[in-house]
Amino acid sequence: MAEYTAEVLWQRDGQDFLGNRYSRRHLIRFDGGAELTGSSSPHVVPLPFSDPAGVDPEEAFVASLSSCHMLWFLSLAAKAGWQVETYTDNAAGTMARNAEGRVAMTVVTLRPRVTFSGERRPDGQALHALHHKAHDACFIANSVRTEVRCEPVLLA
């Protein structure tokens, strides 16, 4: 088993905490040394108490699913002998009430666009099968109750 860590740091810095007038901006540090600015979503906490330049938990959730899917896809494509040149995904998550009536990320839709080079390239059916295998292998997708859809964009 592996353990993954992230450190989240926030400071009041004299702000009116009890009056609920404080910045939700914070720092997120990962075990490999990467740092990013985090914040609440401006959809949840209005400006100026959210930082729209920061990554909010909802965006991070969508990005985590997209990144995991991509990493598995690349690995499986390499094993199949298909050379990937580019992979982009305009993933989106939808917040709504779930079956229990709680607000949750109910659907995440991945929209990967992949370009291949070389003589061996997957056809549409093989591409969809590869995405399906990547989804099944993704640790993050296997860890959540959210419906995760994959709608690959087929490129000529």
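Residues numbered from 1 in each chain as written. Predicted model: local features only at pLDDT ≥ 70, side-chain atom pairs only at ≥ 80, totals over all residues. Heavy atoms only, no water.

(A) Representation of the sheet that holds strand β1 (residues 6–9) within the structure. As summarised here, the arrangement of the three strands in space is β1-β2-β3, forming an open sheet in which the pairing is antiparallel. If you trace the sheet from one side to the other, it starts and ends with β1 and β3 (35–38), each paired once. Recorded for the sheet is a direction-independent mean angle of 25 degrees between the axes of neighbouring strands. One ladder, built from four bridges, connects strand β2 (residues 26–30) with β3; its direction is antiparallel. Across the sheet, the residue bridging to His-26 is Gly-38, located in β3. (Pairing = 2+ DSSP bridges. Helix = DSSP H or I, 4+ residues; strand = E, 2+ residues; numbered from the N terminus. Axes fitted to C-alpha atoms, helices over the stretch in contact; angles between N-to-C directions.)

(B) Geometry of the side chain of Ser-66. Tracing the chain through its elements places Ser-66 in helix α1 (residues 57–80). A polar contact of 2.7 Å, which involves the side chain of Ser-66, links it to the side chain of Asp-89. Excluding residues that lie within four positions of it along the chain, Ser-66 makes contacts with Asp-89, Ala-91 and Leu-110. (Polar contact = N/O pair within 3.5 Å; in protein donor to acceptor, adjacent residues only side chain to side chain. Contact = heavy atoms within 4.5 Å.)

(C) Just the environment of Ser-143, in detail. Mapped onto the fold, Ser-143 is located in the loop between α2 (124–137) and β8 (147–150). Given the relative accessible area of 59%, Ser-143 is considered exposed. A distance of 2.6 Å separates a polar atom in the side chain of Ser-143 from the backbone oxygen of Phe-139. (Buried < 20%, exposed > 50% of the residue type's maximum accessible area, 1.4 Å probe, protein only.)

(D) Structural view of the pattern of salt bridges. Counting across every chain of the model gives six salt bridges. Between Asp-51 and Arg-25 there is a salt bridge; the shortest N-O distance is 2.3 Å. With Asp-51 in the loop between β3 and α1 and Arg-25 in the loop between β1 and β2, the pair connects residues that are 26 residues apart, well separated along the chain. Notably, a salt bridge pairs Arg-111 with Glu-151, separated by 3.9 Å at the nearest N-O pair. Placement of Arg-111 in the loop between β6 (103–110) and β7 (112–117) and of Glu-151 in the segment after β8 is noted, with a sequence separation of 40 residues between them. Using a relative accessible area of 33% as the deciding quantity, one classes Arg-111 as partly exposed. What emerges from the salt-bridge pattern is a single network uniting Glu-7, Arg-29 and Glu-35. (Salt bridge = Lys/Arg side-chain N within 4 Å of Asp/Glu carboxyl O.)

(E) Spotlight on the environment of Arg-149. Relative to the elements of secondary structure, Arg-149 occurs in strand β8. Expressed as a C-alpha distance, the spacing of Arg-149 and Phe-139, which sit ten residues apart in the sequence, is 15 Å. Excluding anything up to four places from it in sequence, Arg-149 contacts Val-107, Val-108, Thr-109 and Leu-110.

(F) Summary view of the packing of aromatic side chains. This structure, assessed with the given rule, holds six aromatic pairs. Relative to Phe-139, the ring of Trp-72 has its centre 5.6 Å away and its plane inclined at 90 degrees; by these criteria the two rings are edge-to-face. Taken together, the residues span a long stretch of sequence, with Trp-72 in helix α1 and Phe-139 in the loop between α2 and β8 at a distance of 67 residues. For Phe-139, a relative accessible area of 56% corresponds to the exposed category. Ring pairing ties together the aromatic residues Trp-10, Phe-17 and Tyr-22, which thus form one cluster. (Phe/Tyr/Trp six-rings, centres within 6.5 Å; stacked < 30°, edge-to-face > 60°.)

(G) Structural view of the environment of Trp-82. Residue position: Trp-82 is located in the loop between α1 and β4 (83–89). Look at Trp-82 and you get buried, because its relative accessible area is 14%. Separated by 40 residues in the primary sequence, Trp-82 and Pro-122 have C-alpha atoms spaced 7.1 Å apart. Look past the residues within four positions of Trp-82 in its chain and what remains in contact with it is Ala-77, Phe-116, Arg-120, Arg-121, Pro-122, Ala-126 and Leu-130.

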